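# Reading the structure
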Amino acid sequence: MSEMLDIESVYREERKRWLREEAPRRSVRDILIGSVPYWIVLVALVLYGLSAPHTASVFDKLTPGWGWIAPIGVEFGLLYAAFRRRLAKAGQETVTWTLWALEILLFLTAMLVNGAGSLTSVVAVTQLQDLSFTAIIEGFGNLPATTQAALVMALLSAFIIPIGALVAGDGLAALERRTTSDAKEQAWQEVEFTVIYRALYGRYLQQDFPQMEHGKKRPARCADS
């Protein structure tokens, strides 16, 4: 009797062969488009680099000598909170009230320390450190254009960096569900039935299966006595 076909073995072999020989090749455009979601990693690194000095300088006034460790807790805390919240939206876990509270507090902290740190740097560079905040606002219209622009950027940085950290956390959570072979796997799922069917049929024909007889065999006639 002919050996039965091992369907699982055929599936594995045909899948490997198809991915190696027939899978659609990625063009430069496909590679570029596929890399876009990973740009969020660069965004996160840039925002961390811009925020870390301000966060460290402000917290160093609260805990002298240990301010350098503050950016790790604030920036990565925001990334973590946004990451967990994104997974919760996808139904993979739940968000507790403590996580929401942590995210809100870290956002406010990041906004305040970045705003204060940026403003301190701008005031020091533009030699306005002898003026109060009220005096700077009242005399804003008489300041040089470059100083006005720097003050506006200091205000914007208070919002850009913490919001950017939340967006980066969302993006990292989205990357967590991506794989490098998404496109090929999707293409394989579209053709796997046809490929496996053809492979099984071809191997069936190659084996020495006896042909099935059409109809029932007639019983042999008894010999005449």
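See the structure printed just above.
Note that the structure is predicted; figures quoted are calculated from it, not measured. (Residues numbered from 1 in each chain as written. Predicted model: local features only at pLDDT ≥ 70, side-chain atom pairs only at ≥ 80, totals over all residues. Heavy atoms only, no water.)

## Details of the pattern of salt bridges
According to the stated counting rule, one finds three salt bridges in the structure shown. Between Glu14 and Arg17 there is a salt bridge, with its nearest N and O atoms 2.9 Å apart. With Glu14 and Arg17 both in helix α1 (residues 7–21), this residue pair falls three residues apart, about one helical turn. Across the salt bridge formed by Glu103 and Arg85, the nearest N and O atoms sit 2.9 Å from each other. Taken as a pair, Glu103 in helix α5 (residues 97–125) and Arg85 in helix α4 (residues 70–89) lie far apart in primary sequence, 18 residues in all. Residue class for Glu103 comes out buried when judged on its relative accessible area of 8%. Using a relative accessible area of 11% as the deciding quantity, one classes Arg85 as buried. When salt bridges with common partners are traced through the structure, they connect Arg85, Glu103 and Asp170 into a single cluster. (Salt bridge = Lys/Arg side-chain N within 4 Å of Asp/Glu carboxyl O. Helix = DSSP H or I, 4+ residues; strand = E, 2+ residues; numbered from the N terminus. Buried < 20%, exposed > 50% of the residue type's maximum accessible area, 1.4 Å probe, protein only.)

## Brief notes about the side chain of Thr55
Along the chain, the position of Thr55 falls in helix α3 (residues 39–62). Residue contacts for Thr55: discarding those within four places in its chain leaves Gly67, Ala70, Pro71, Val74, Glu75, Val113 and Asn114. (Contact = heavy atoms within 4.5 Å.)

## Some points on unusual backbone geometry
Residue Gln127 is not a glycine yet carries a positive backbone phi of 60°. You can see Gln127 is positioned in the loop between α5 and α6 (133–138).

## Considering a nonpolar patch on the surface
A contiguous nonpolar patch, built from Trp66, Trp68, Ile69, Ile72 and Phe76 and spanning about 580 Å² of accessible area, is present on the exposed surface. With respect to the helices, strands and loops of the structure, Trp66 is situated in the loop between α3 and α4. (Patch = residues over 30% accessible without salt bridge, like charges linked within 9 Å, V, L, I, M, F, W, Y side chains within 5 Å. Areas by Shrake-Rupley, 256 points an atom, 1.4 Å probe, with all protein chains shown as cover.)

## Describing the layout of surface pockets
Its boundaries defined by the atoms lining it, the largest pocket holds a volume of some 260 Å³. Around the largest pocket sit Gly115, Leu119, Phe133, Ile136, Ile137, Phe140, Leu151, Val152, Ala154, Leu155 and Ala158, which together line it. Every element with two or more residues in the lining of the largest pocket is listed here: α5, α6 and α7 (145–176). In terms of residues, the lining of the largest pocket owes the most to one element, α7, which gives five residues. Taken together, the residues of the lining of the largest pocket sort by class into 10 nonpolar, one polar and no charged. (1 Å grid on protein atoms, 1.4 Å probe; cavity = no way out; pocket = protein on both sides within 12 Å on 5 of 7 lines; lining within 4 Å. Points joined across faces, edges and corners; volume = space filled by probe spheres on them. Nonpolar A, V, L, I, M, F, W, Y, C, P; charged D, E, K, R; others polar.)

## A word on the packing of aromatic side chains
Any aromatic ring pair is given by two values, namely how distant the centres are and how the planes are angled relative to each other. All told, the structure shown has five aromatic pairs when counted by the stated rule. Between Tyr11 and Trp188, the aromatic rings sit 5.8 Å apart at their centres with planes inclined by 70°, giving edge-to-face as the arrangement. Here Tyr11, found in helix α1, pairs with Trp188, found in helix α8 (residues 182–206); they are 177 residues apart in sequence, far enough to count as distant. Take Trp188: its relative accessible area is 1%, and that puts it in the buried class. Each member of the aromatic cluster is reached from another via a ring pair, and the members are Tyr11, Trp18 and Trp188. (Phe/Tyr/Trp six-rings, centres within 6.5 Å; stacked < 30°, edge-to-face > 60°.)

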